[in-house]
Amino acid sequence: MICLIYGENKDKVIAKTSELLAVLKKKRPNAEIFEILASGWSADHFDSLLKSQGLFDKKSIVVLKDVCTEQEDIRAHVADRLETASSSENVFVFVETKLDAKFLAAIKKVSKQT
């Protein structure tokens, strides 16, 4: 599953992210949470999270913060794997400041709408 939270109002984005994570943690209290930042980006790590499962719970929660806002190469890598992420056992939460129209359309196509 993919969830997308984006916008330039940091307070609203932080509040929505906290709200969503609280819901996800309540549903899956034993799920592992992974946070990925652009500064610590690893394509191999991201790809492994597309397929891996948590130790105590089938789903992990992967929070990606501004990884697609920052760099085109990361955005392209993620865009190529959106279908896989949407069908993964893990939950991918994208928290982004700005997104180009093409990537935004691609991620909205496969993300959970709320």
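It should be emphasised that the depicted structure is a prediction, and the values quoted were computed from it without experimental measurement. (Residues numbered from 1 in each chain as written. Predicted model: local features only at pLDDT ≥ 70, side-chain atom pairs only at ≥ 80, totals over all residues. Heavy atoms only, no water.)

*Asks:* Would you explain the overall build of the protein chain in this entry?
*Replies:* When you go through the protein chain residue by residue, the secondary structure sums to six helices and four strands. Traced from its N-terminal end to its C-terminal end, the protein chain shows the element sequence β-α-β-α-β-α-α-α-β-α. Whereas a compact globule of 114 residues would reach a radius of gyration of roughly 13 Å, the protein chain reaches 13 Å, a difference of no more than 12%. Projected onto its principal axes, the C-alpha coordinates of the protein chain cover approximately 35 × 30 × 25 Å. Across the 114 residues that make up the protein chain, the buried fraction comes to 40%. The long-range fraction of contacts in the protein chain, counting pairs at least 24 apart against all pairs at least 6 apart in sequence, stands at 83%. Accessible area of the protein chain: about 6,800 Å², with a carbon and sulfur share of 51%. Averaging the coordinates of the 18 positive side-chain charges in the protein chain and doing the same for the 17 negative ones gives two points 7 Å apart. (Helix = DSSP H or I, 4+ residues; strand = E, 2+ residues; numbered from the N terminus. Rg over C-alpha atoms; globule rule 2.2 N^0.38 Å. Buried < 20%, exposed > 50% of the residue type's maximum accessible area, 1.4 Å probe, protein only. Contact = heavy atoms within 4.5 Å. Areas by Shrake-Rupley, 256 points an atom, 1.4 Å probe, with all protein chains shown as cover. Lys, Arg positive; Asp, Glu negative; His and termini not counted. Charge placed at Lys NZ, Arg CZ, Asp CG, Glu CD.)

*Asks:* What is the right way to look at the pattern of salt bridges in this model?
*Replies:* Side-chain pairs of opposite charge can arise where the charged atoms are in close proximity. For the coordinates displayed, the defined rule picks out four salt bridges. Glu 35 is the partner of Lys 65 in a salt bridge, and the nearest nitrogen-oxygen pair spans 3.2 Å. With a gap of 30 residues between them, Lys 65 in strand β3 (residues 61–65) and Glu 35 in strand β2 (residues 33–37) connect regions that are remote in the sequence. With relative accessibility at 32%, the residue Lys 65 sits in the partly exposed group. Note that Arg 81 and Asp 47 form a salt bridge whose closest N and O atoms lie 2.8 Å from each other. Here Arg 81, found in the loop between α4 (72–79) and α5 (82–87), pairs with Asp 47, found in helix α2 (residues 43–51); they are 34 residues apart in sequence, far enough to count as distant. Under the relative-accessibility criterion, Arg 81 is labelled partly exposed at 24%. (Salt bridge = Lys/Arg side-chain N within 4 Å of Asp/Glu carboxyl O.)

Keep in mind these values describe shape, not function.
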